[in-house]
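Understanding the architecture of this molecule
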Amino acid sequence: MAIKLPALGAMYIESCRKHGVRPNTKFLSAVFEAQFKKTHHKACVLEILLDHVKDIDFHPLLEVSMKISESEIDAVDVLSESSCALTGEYALLLMRSIDKKLRVVDLQDLSFGKDFLRDLSQGGLQCQVLNLRSSHFRKLNFVGEFMRLHTLNLDYSTTLTSFREDCFSCMPNLMCLSMCETRISNLWTTIAALSKLQSLVELRFQNWLCCNDVGSSGSSGGDDQAGPSQPTSASYDETLSVSLDLLTDLNSMTEQAMRNLLPFGMNHYFQSMNEESSDDSEVDFSIHLEDGYMDSSSNAPPGWNREINILSEVSSATMSNQNGEDSCEDAFTKDVADVSFNILQKREIRARHTSMRTPKQSPSDPAGNSVYFYTRSLCAAKMGSSAWPSLHSLSISGSNLGDENRSFRPRQFEYHPSDSSLMVFGTLDGEVVVVNHENEKIVSYIPSLGAMNSVLGLCWLKKHPSKLIAGSDNGSLKLYDIQHFLSTSKRMHSGVGSFTFDEFDQLTSVHVNSTDELFLASGYSKNVALYDINSGRRMQVFTDMHQEHINVVKFSNHSPSIFATSSFDQDIKMWDLRQKPIKPCYTASSSNGNVMVCFSPDDHYLLASAVDNEVRQLLAADGRLHLNFEIPSTGSSQNYTRSYYLNGKDYIITGSCDEHVVRVCCAQTGRRLRDISLEGKASGSSMFVQSLRGDPFRAFNMSILAAYTRPSSKSEIVKVNLVASSDYGKESYPGQSSCPSNSMGG
């Protein structure tokens, strides 16, 4: 007769008494939950969370776990979500004692050490699902029995480079294998190993997100309000399914026959790749990441590698991006692009010490892999030869609103993430206006109705292209569906098409995560609020995240849980919602107060902008300084600086509110490529830069929110085309515009 769960709990308490230890309350709670499931006619699954188990708990747990096979428990899941105090040897003994009722073993962010991995590989396990994400394998060699295993997850094991040919022979029932963000590069051995998995129906590798380097980086949200007195569901691992027929066909080909398909230059490439991956050691657990990435001495946060796009893995793409017989030829094209990139880069930025890259090296920028690469490089060359770029002021009238004399005072703006013709701007009067910036027509108009003051935060939703979040400085936060606010409608808005969230007092910034599930708000306080978009409720307020007010908060472009904050306390901080943001993953400090921060499109870098032209690029993985742009300072403590990436990660644009110049800099060398002056137009007045954005759909195009220094003037949005020349005197600008407070840069 099966042992009842209450009896099993009593056995555990008696065993604890015998060994002189206190019962582990988390384990008793898990037994109670299993009993609850049983009484409600659900699967009786016991979940053991190793995070709450210590070595002192081991012996009583071992005695009970050996009885589980005789109990009424249907299955046991062993989980580890963070660091674990239990030694690896004890953890493995505990799991093996459960025997065939062991269902899931999930050991993300493995902290048991290399001996645990070696013993696990050699001794086997009776589980059905084995999740070893972020483990420290270098060469995979499973030899123990894994007869019941049908799912193996090795995602984000960034040191894993190769297999042994027979490493999966002990897993005859394996149906699903996932290896996203690994560094597998030995094509021949990999194909040989995978082709032996007769039951395999799903094989996942990482997708090259960097191939779309001119796309939107995420419809960045309401941005940088500055002033000394101011306050993802889909995850990043998008995957490809590889045809098993293709693997079998490739495996049947000889290596020489494969090489005969390749251009001559690629034969050496694959030979070098094989030589690099021919390490005969069974398991190498040393952490070795290439320069610029985390190593064993890095202070990067636990779990960060699970979400960061490790772009050094270009060599693995030969395996991970197979879409047919042209994949090898595409790889050859990549190598040609790498060399061309160096030549064009030398022409663009006049770098003095640019060295030619060998085929084994990764490109310094993912743009080299993009179909837009050559266009962008040639545009960059033309940008340097244009005497004066084309500048055009958006002329938006209220004619289709029934008021021809109507004018707007923009305070914040954002390009649409998927429609190249749309832009939204918020005004100093609390209006939200969606325009077609190509024909300068209003598409949607949302009046303030007295509910909003200056609109300082805007962010489009990516999966719902008609919706956006708008926040104002009086704390109002709303979700709008622009389909319900047509520009031709003359009726007052009745509330249809909008939703109001709990207020966030003195708001300056909003940003939506990559899955459109959550958004963050910051302002003239030390706190950040987290909102659930689906339910419409404020989930939590994280308090005292900085010493001074948090000017800007930004989610990463690909991870729904990673976000960064910038504050006038001179700190940039990285946070992870999965770790309950009590303390940051890391902190990077500036010399001056930080006005804003943003992620590069691939999440590899952070671009931090502090007061008076202190612009720096940091490694997103650990916050180390990657590049200081060394822009001359003015000496003004009120010169609030904003910076963004321009249509990708290879260039940045930066401007400050006390200056009439926007600078274009190379994000690889820091060299300043071009200055765009906003001085000397029609009225003879200077204009200061209030905010700016790169056009996500047009190479070397941007828009600048600028205002004349004359108090009577109005702010305006100026579109800039860096590769189209115009005569200096041909562009006409309104001469009169208002000058909102410089301390509230957007």
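Residues numbered from 1 in each chain as written. Predicted model: local features only at pLDDT ≥ 70, side-chain atom pairs only at ≥ 80, totals over all residues. Heavy atoms only, no water.

Description of the environment of K583
What counts here: Where helices and strands are cited, they refer to DSSP runs of H or I of at least four residues and of E of at least two residues respectively, numbered from the N terminus.
Secondary-structure assignment places K583 in the loop between β26 (571-576) and β27 (586-589). Distance from K583 to K573, taken between C-alpha atoms, is 9.3 Å for residues 10 residues apart in sequence.

Focus on the sheet that holds strand β12 (residues 410-415)
Note the threshold: Here, a strand pair is defined by DSSP locating no fewer than two bridges between the strands. Angles run from 0 to 180 degrees between N-to-C directions of axes, and those axes are lines fitted to C-alpha atoms, restricted for helices to the stretch in contact.
Read from one edge of the open sheet, four strands run β12-β13-β14-β15, paired in antiparallel fashion. Each end of this open sheet is capped by a strand with a single partner; those strands are β12 and β15 (441-446). Strand-to-strand twist of the sheet, defined as the mean angle between neighbouring strand axes without regard to direction, takes the value 25 degrees. Taken together, the five bridges between strand β13 (residues 422-427) and strand β14 (residues 432-436) define a ladder with antiparallel strand orientation. By the bridge assignment for β14, M423 is matched with V435.

Quick look at the confidence of the model for the chain
This is how it is decided: What pLDDT reports is the predictor's confidence in each residue, on a scale of 0 through 100. Here, two residues are considered to be in contact whenever any of their heavy atoms come within 4.5 Å of each other.
For the chain, mean pLDDT is 75; residues scoring 70 or higher make up 68% of the total. Considering only residues more than four positions removed or in separate chains, one finds that residues 728-746, a stretch of pLDDT under 50, has 90 contacts.

Looking at the nonpolar core
Our working definition: To form a nonpolar core, buried Ala, Val, Leu, Ile, Met, Phe, Trp, Tyr and Cys residues must be joined to one another through side-chain atoms within 4.5 Å. Exposure categories follow from relative accessible area, calculated using a 1.4 Å probe and restricted to protein chains: below 20% of the type maximum is buried, above 50% is exposed, and the middle band is partly exposed.
Judged by nonpolar contacts, the single largest core of 62 residues is most densely connected at L46, L50, M95, L152, F163, F168 and L177. In terms of residues, this core owes the most to one element, helix α4 (residues 88-98), which gives five residues. The contact partners of L177, leaving out residues within four places of it in the chain, are L152, F168, L194, L197, L200, E202, L203 and R204. Within the second largest apolar cluster, 37 residues are counted, among which are W388, L627, M687 and M702.

Concerning the packing of aromatic side chains
Two aromatic rings are characterised by how far apart their centres lie and by the angle between their planes. Quick reminder of the rule: For this analysis, a ring pair means two rings from Phe, Tyr or Trp (six-membered ring only for Trp) whose centres lie within 6.5 Å, classed as stacked if their planes differ by under 30 degrees, edge-to-face if by over 60, and tilted for the remaining angles. A ring is scored as having a charge over it whenever the NZ atom of a lysine or the CZ atom of an arginine sits within 6 Å of its centre and within 35 degrees of its normal.
Within this structure, the stated rule accounts for 15 aromatic pairs. Pairing F499 with F501 gives two aromatic rings, centres 5.1 Å apart and planes at 80 degrees, and the pair type is edge-to-face. A ring pair is formed by F501 and F519, whose centres lie 5.0 Å apart and whose planes are at 80 degrees; its orientation type is edge-to-face. Here the residue F501 occupies a position in the loop between β19 (498-500) and β20 (507-512), and F519 occupies one in strand β21 (residues 518-523), the gap between them amounting to 18 residues. Take F501: its relative accessible area is 2%, and that puts it in the buried class. Through a chain of ring-to-ring contacts, three or more aromatic side chains come together here, namely F499, F501, F519 and Y531. Here the guanidinium or amino end of R693 rests over the ring plane of F413, the centre of that ring lying 5.5 Å away.

What to know about helix α5 (residues 114-123)
Put simply, the test is: Along the arc lie the directions from the helix axis toward the C-beta atoms.
All of the buried residues along α5 are F116, L117, L120 and S121. End-on view of α5: buried residues confined to an arc of 125 degrees, all on one side of the axis. Summarising the contacts, the buried residues of α5 are in contact with α4 and β3 (102-107). A positive phi of about 80 degrees marks G124, the residue just after α5.

Overview of the packing of helix α1 (residues 5-19) against helix α2 (residues 25-39)
Two quantities define a packed helix pair, namely the angle between the axes and the distance from one axis to the other. To keep things clear, this is the line we draw: An angle below 35 degrees is treated as roughly parallel, one above 145 as roughly antiparallel, one from 65 to 115 as roughly perpendicular, and anything else as oblique. Only Asp, Glu, Lys and Arg are considered charged, only Ala, Val, Leu, Ile, Met, Phe, Trp, Tyr, Cys and Pro nonpolar, and every remaining residue, Gly among them, polar.
Where α1 meets α2, the axes come as close as 10 Å, and the angle between the chain directions of the two elements is 170 degrees. Viewed along their axes, α1 and α2 adopt a mutual orientation that is roughly antiparallel. On the side of α1, the interface is formed by L5, P6, G9, Y12 and I13, while α2 contributes F27, L28, V31, A34 and Q35. Split by residue class, the contact of α1 with α2 holds eight nonpolar, two polar and no charged.

Remarks on the sheet that holds β27
Across the sheet, four strands lie side by side as β24-β25-β26-β27; this open sheet has antiparallel pairing. The open sheet has two free edges, formed respectively by β24 (550-555) and β27, since each of these has just one partner strand. Between one strand axis and the next, the sheet turns through 20 degrees on average, direction left out of account. Where β24 and strand β25 (residues 562-567) come together, five bridges link them in antiparallel fashion. Looking at β25, one finds that I550 is bridged to S567.

So, α4
Those residues of α4 not exposed but buried are G88, A91, L92, L94, M95, S97 and I98. Packing partners of the buried residues in α4 comprise β1 (45-49), α3 (58-65), β2 (75-80), β3 and α5. Backbone geometry just after α4 places D99 at a positive phi near 65 degrees.

A closer look at the state of the cysteines
Every disulfide links exactly two cysteines, by a covalent bond between their sulfur atoms. We count it as follows: Cysteine sulfur atoms are paired as a disulfide whenever they come within 2.5 Å of each other.
In this structure the tally under the stated criterion is zero disulfides. Here C167 stays unpaired: no disulfide links it, and the sulfur of C170, its closest cysteine neighbor, is 7.7 Å away.

Side note on the pattern of salt bridges
Pairing is possible between side chains that carry opposite charge, provided their charged atoms lie close to one another. Put simply, the rule is: The term salt bridge refers to a pairing of a side-chain nitrogen on Lys or Arg with a carboxyl oxygen on Asp or Glu at a separation within 4 Å.
Under the criterion given, the structure shown has 19 salt bridges. A salt bridge links R118 to D115; the shortest N-O distance between them is 3.0 Å. In this pair, R118 and D115 are both assigned in helix α5, three residues apart and thus about one turn of the helix distant. Of the residues examined, D115 reaches a relative accessible area of 42% and is grouped as partly exposed. For E165, the salt bridge identified is with K196, shortest N-O distance 3.4 Å. One end of the pair, E165, is in the loop between β7 (162-163) and β8 (176-178); the other, K196, is in the loop between α6 (187-194) and β9 (202-206), with 31 residues separating them in the sequence. Classification of K196 by relative accessible area gives partly exposed; the value is 43%. Connected through shared salt-bridge partners, D115, R118 and D119 make up one network.

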